[in-house]
Amino acid sequence: MPFVPPEIRLAGIAPEMALVVSAFVVLIAGTFARSRVNRVYLPALATIGFGASIYFAVSVWGENELQLSDMIALDGFATFCKISLAVFGLLTVWLGSDYLTRDGIEEPEFYGLVLLAVAGMMLMASAADLIVIFLALETFSIALYVLVGYRRRSIEGQESAMKYFLLGAFSSSFFLLGIALAYGAVGSTNLYGNSENPGLAQFLSESASEATGVLVLATGFLVVGLGFKIAAVPFHMWTPDAYQGAPSPITGFMAAGSKLAGFAALLRLFDASLFALRWEWRPLLIGIAVATMIAGSVLAVVQEDIKRMLAYSSIAHAGFVLTGVIATNDRGISGSLFYLATYGIAVLGGFAVVSILGGKDEHRVRLVDYKGAFYEHPALAGALTLFLLSLAGVPVTSGFVGKLVVFGAAIEAGYSWVVVIGMLTSAIAAFFYLRVLVVMYMQEPDESRPPIPVGRAASTVVALTAVATIILGLFWSPLIGAAEDATFFFVGG
Amino acid sequence: MSIDPSYYLALAGLMFAIGVVGTLTRRNAIVIFMFIELMLNAVNLIFVTFARMWGNVDGQVLVFFVLVVAAAEAVVGLAIILVIARRRETSNVDDISMLKW
Amino acid sequence: MTLGAYLPILFLVILSTAFAVLSIVAASKLSPRNWTAAKRTAYESGIVPEHDIERERFPVKFYLVAMLFIIFDIETVFLYPWAVAFEDLKLFGLIEMLAFIAILLAAYVYVWRRGGLEWAE
């Protein structure tokens, strides 16, 4: 059989390539200069990388095809996710540069690993083959294992890195088992497939229902692997530990980026590729969504550490987004995308404030440390108030619009009872967000503490995310419109 | 002589189950990681078996990728465990319990 | 689809889990434990070890070099299939492999510059 070289078109992975190239440039350039110089130009290099990545992603908006031997899907869905992820990465780098300077732990690896992690997350959004999803998942997970343990001298940092690593490796073995069983059932790992090459969607459209038992089992294992990445109950055990031990900019990055990447793969896999199997997987995901919303909201109430509290809140938010996934309609998909993009911005802003107020080595992250924060840092406390209100889903913030669209999609699909649970848990969640506000506004600071240095880049991040949270809460239609345009997945033809 | 592929699948299933049970019961981080590697290799065996059943090489190619990913994961994981062990002279996960679940 | 179709899968899950639990429990309960001095020493292909590895520590550089070895070593796994199919792949394969090696080279330059390969301080 003569070998025919596959057609190489790189438009689909150009954003990832820009990030990988700039990661290598950052890592190698970082070894040539002293940290005083690196402090300035490494974040600048990373910014250029993200800028190029966004440019490449925007330039293919509207295209719809499979590339690189049907391994990569180039569609609106992938493009929307990639642009959001690049923005998350950019905010993390800016916030991180001030954080590292303050704590005196500047290394070029921080920027290199953030760039590589975003590249992996982007690949997750455009993967059209199970093995590409696996490689993308491992690319960003391995980078995150290291970033979580970035504070090498901190005992908490080491511990959280180890727990995150062991549980992450455990769950990705289940994901891999799911891929193996799907391959056994279908004979291919492609998500779509066509008349010449087998694939999951094509297999399901042709085969009788008895033949899909193994594929259903595979689906269960795939849910385990992705459920871990989005921090859904019962695969959430790592979340509070990893969120607490990681440097705050990385915690925000995980909450925003890791969740978006996991949901991107989940949406493409379940709402597009395995759509025909929805009567099999939907009960499973509904159970997970309900458990996630309840456990996340209830456990957040008893937390005394602000980072752990936000970790449980991020678990609850995974449940809210899942209600959009189980709707399996266009509104559910666009609503999930909008929710994840706005949640990412709000949570990154929230962790930006936490990382600034935490002071050197993050020694002030308990709830009692926030006593009277409003009287010491009115601007920062005001911004944190805004982010928490957005996470709680209060009107005039972007979080309200996000909840409205995903819950609306679930009602449209006939799952009103899930939405009722979502509303009730939102009410519980509002309680612990308000608790922080009470501490900040109504209690007096214990004693006069030394002032906290506020870096220029970090305050820019807080300002940008705060403005975005308000604007998206008032004028949501452009972003919702973009998300609706992005709901077309690649579908054959 | 050919052996029924289902034997290979049964063996892989047992390997995977031993890996799961071992991961959940053992307390030493390095031993836990060895059980996770056992799970990954069980999946590799499944890939190779299915590749033979389907008569295509996709499954064998996937094994290469899994091997490389497992090695990368091993290096990062061992580095994390090493940093902890150097500081506290233990790799027992029960001793590492400052953070509560 | 009826739930009955999943019964064999359920049986398989129960059986394999039960087997795994049983063999681990049985091994820990039934196996005789008579430790001799020879059993406690590290196995070095039958040669009597010169150092007591339980108490003596390797320099940390040893682990670093071992990790770097693993990661670069396993990448060569991709070179073998390429070498086998070299005749068929022609120029296309060569260019792809050069791109792959260029990425490895970048990682190597990084490790070198960062001092990962220096044994002595």
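Residues numbered from 1 in each chain as written. Chains lettered and ligands numbered in written order. Predicted model: local features only at pLDDT ≥ 70, side-chain atom pairs only at ≥ 80, totals over all residues.

Okay, the overall build of chain B next. For chain B, the helix and strand inventory stands at three helices and zero strands. Its helices and strands taken in sequence order, chain B reads α-α-α from the N to the C terminus. Burial analysis of chain B (101 residues in total) assigns 36% to the buried set. (Helix = DSSP H or I, 4+ residues; strand = E, 2+ residues; numbered from the N terminus. Buried ≥ 20, exposed ≤ 12 C-beta atoms within 10 Å, placed from the backbone.)

Take the overall build of chain C next. When helices and strands are tallied, chain C shows five helices and zero strands. Reading the secondary structure of chain C in the N-to-C direction produces α-α-α-α-α. Within chain C, buried positions represent 2% of all 121 residues.

What follows covers the interface of chain B and chain C. In this complex, chain B contributes 17 residues to the contact, which on the side of chain C involves 15 residues. Every element with two or more residues in the side of chain B that touches chain C is listed here: helix 1 (5-25) and helix 3 (58-88) of chain B. When the residues that make up the side of chain B that touches chain C are grouped by side-chain class, the tally is 14 nonpolar, three polar and no charged. (Contact = placed C-beta atoms within 7 Å. Nonpolar A, V, L, I, M, F, W, Y, C, P; charged D, E, K, R; others polar.)

Between chain A and chain B, the residue contacts involve 32 residues of the former and 32 residues of the latter. Ranked by residues supplied to the side of chain A that touches chain B, first place goes to helix 6 (residues 155-186) of chain A with 17 residues. Counted by class, the side of chain A that touches chain B contains 17 nonpolar, ten polar and five charged residues.

Attention now goes to the packing of helix 11 (residues 278-301) of chain A against helix 12 (residues 306-327) of chain A. Residues and elements named next belong to chain A. Packing of helix 11 against helix 12 brings their axes to within 8 Å, and their N-to-C directions diverge by 155 degrees. In this view, helix 11 runs roughly antiparallel relative to helix 12, as classed from their interaxial angle. Two packed elements cross with a definite hand, and for helix 11 against helix 12 that hand is left-handed. On the side of helix 11, the interface is formed by Arg 282, Leu 285, Ile 286, Ile 288, Ala 289, Thr 292, Met 293, Ala 295, Gly 296, Ser 297, Leu 299 and Ala 300, while helix 12 contributes Met 309, Tyr 312, Ser 313, Ile 315, Ala 316, Ala 318, Gly 319, Phe 320, Leu 322, Thr 323, Val 325 and Ile 326. Residue composition of the contact of helix 11 with helix 12, by class: 17 nonpolar, six polar and one charged. (Axes fitted to C-alpha atoms, helices over the stretch in contact; angles between N-to-C directions. Parallel < 35°, antiparallel > 145°, perpendicular 65-115°, else oblique. Left-handed = near helix turned anticlockwise from the far one by under 90°.)

This next bit is on the environment of A:Gly96. Residue and element names in this part refer to chain A. Residue position: Gly 96 is located in helix 3 (residues 76-103). Separated by 53 residues in the primary sequence, Gly 96 and Pro 43 have C-alpha atoms spaced 8.8 Å apart. Not counting residues within four places of it along the chain, the set of residues in contact with Gly 96 comprises Phe 110, Val 114 and Pro 249.

Looking now at unusual backbone geometry. Residue and element names in this part refer to chain A. Geometrically, the link from Val 233 to Pro 234 is a cis peptide bond, its omega value of 5 degrees lying close to zero. Inspection of the secondary structure puts Pro 234 in the loop between helix 8 (213-229) and helix 9 (238-245). Positioned with a positive phi, Asp 70 is a non-glycine residue whose angle comes to about 65 degrees. Among the secondary structure elements, Asp 70 is positioned in the loop between strand 1 (65-67) and strand 2 (72-74). Of note in the backbone geometry, Val 396 takes a positive phi value of approximately 75 degrees without being a glycine.

Within the largest apolar cluster, 230 residues are counted, with the highest numbers of intra-cluster contacts made by A:Met124 and B:Val43. Ranked by residues supplied to this core, first place goes to helix 6 of chain A with 19 residues. Look past the residues within four positions of B:Val43 in its chain and what remains in contact with it is A:Ser173, A:Leu176, A:Leu177, A:Ala180, B:Phe16 and B:Val66. (Core = buried A, V, L, I, M, F, W, Y, C linked by C-beta atoms within 7 Å.)

Turning our attention to helix 13 (residues 330-357) of chain A. The periodicity of an α-helix, 3.6 residues per turn, causes residues three or four positions apart to be oriented the same way. All names here are of chain A. For helix 13, with 28 residues, the first-to-last C-alpha span of 41 Å sits near the 40 Å given by 1.5 Å per residue. Most of helix 13 sits out of view: 27 of its 28 residues are buried. A positive backbone phi angle near 70 degrees is found at Gly 359, which sits one or two residues after helix 13. (Expected span 1.5 Å × (residues − 1).)

This part takes up the confidence of the model for chain C. Residue and element names in this part refer to chain C. Confidence along chain C averages 79 in pLDDT terms, with 81% of residues attaining 70 or more. Mean pLDDT across the elements of chain C bottoms out in helix 2 (residues 37-40) (70) and peaks in helix 5 (residues 86-113) (89). Across the assembled chains, the prediction reports ipTM 0.91 with pTM 0.90. (pLDDT = per-residue confidence, 0-100.)

Inspection of the secondary structure assignment puts A:Leu166 in helix 6. C-beta crowding within 10 Å serves as the criterion here: with 21 such atoms nearby, A:Leu166 is assigned to the buried category. For the pair formed by A:Leu166 and A:Trp238, sequence separation is 72 residues and the distance between their alpha carbons is 9.3 Å. Residues within four places of A:Leu166 in sequence aside, it is in contact with B:Ala29, B:Ile32 and B:Phe33.

Turning our attention to helix 3 of chain B. Taking 1.5 Å of rise per residue, 31 residues should cover 45 Å, and helix 3 of chain B covers 45 Å from first to last C-alpha, within 8% of that figure. Three or more residues of helix 3 of chain B are buried, namely B:Gly59, B:Leu62, B:Val66, B:Val69, B:Ala70, B:Glu73, B:Ala74, B:Val76, B:Gly77, B:Ile80, B:Ile81 and B:Ile84. Of the surrounding secondary structure, the elements contacted by the buried residues of helix 3 of chain B are helix 5 (130-148) and helix 6 of chain A, helix 2 (29-54) of chain B together with helix 3 (60-75) of chain C.

All right, on to the environment of B:Ala70 then. Residue and element names in this part refer to chain B. Positionally, Ala 70 belongs in helix 3. With 22 C-beta atoms packed within 10 Å, Ala 70 lands in the buried category. Remark: the alpha-carbon pair of Ala 70 and Leu 40, spanning 30 residues in sequence, is separated by 7.6 Å. When sequence neighbours within four positions are dropped, the list of residues in contact with Ala 70 reads Glu 37 and Leu 40.

What follows deals with the packing of helix 15 (residues 378-392) of chain A against helix 18 (residues 456-474) of chain A. Residues and elements named next belong to chain A. Across the interface, helix 15 lies against helix 18 with an axial gap of 10 Å and an inter-helix angle of 40 degrees. Between helix 15 and helix 18, the angle is such that the two are oblique. Where helix 15 crosses over helix 18, the two elements pack in a sense that is left-handed. Along the contact surface, helix 15 presents Leu 380, Ala 383, Leu 386, Phe 387 and Ser 390, while helix 18 presents Val 462, Ala 466, Thr 469 and Ile 470.

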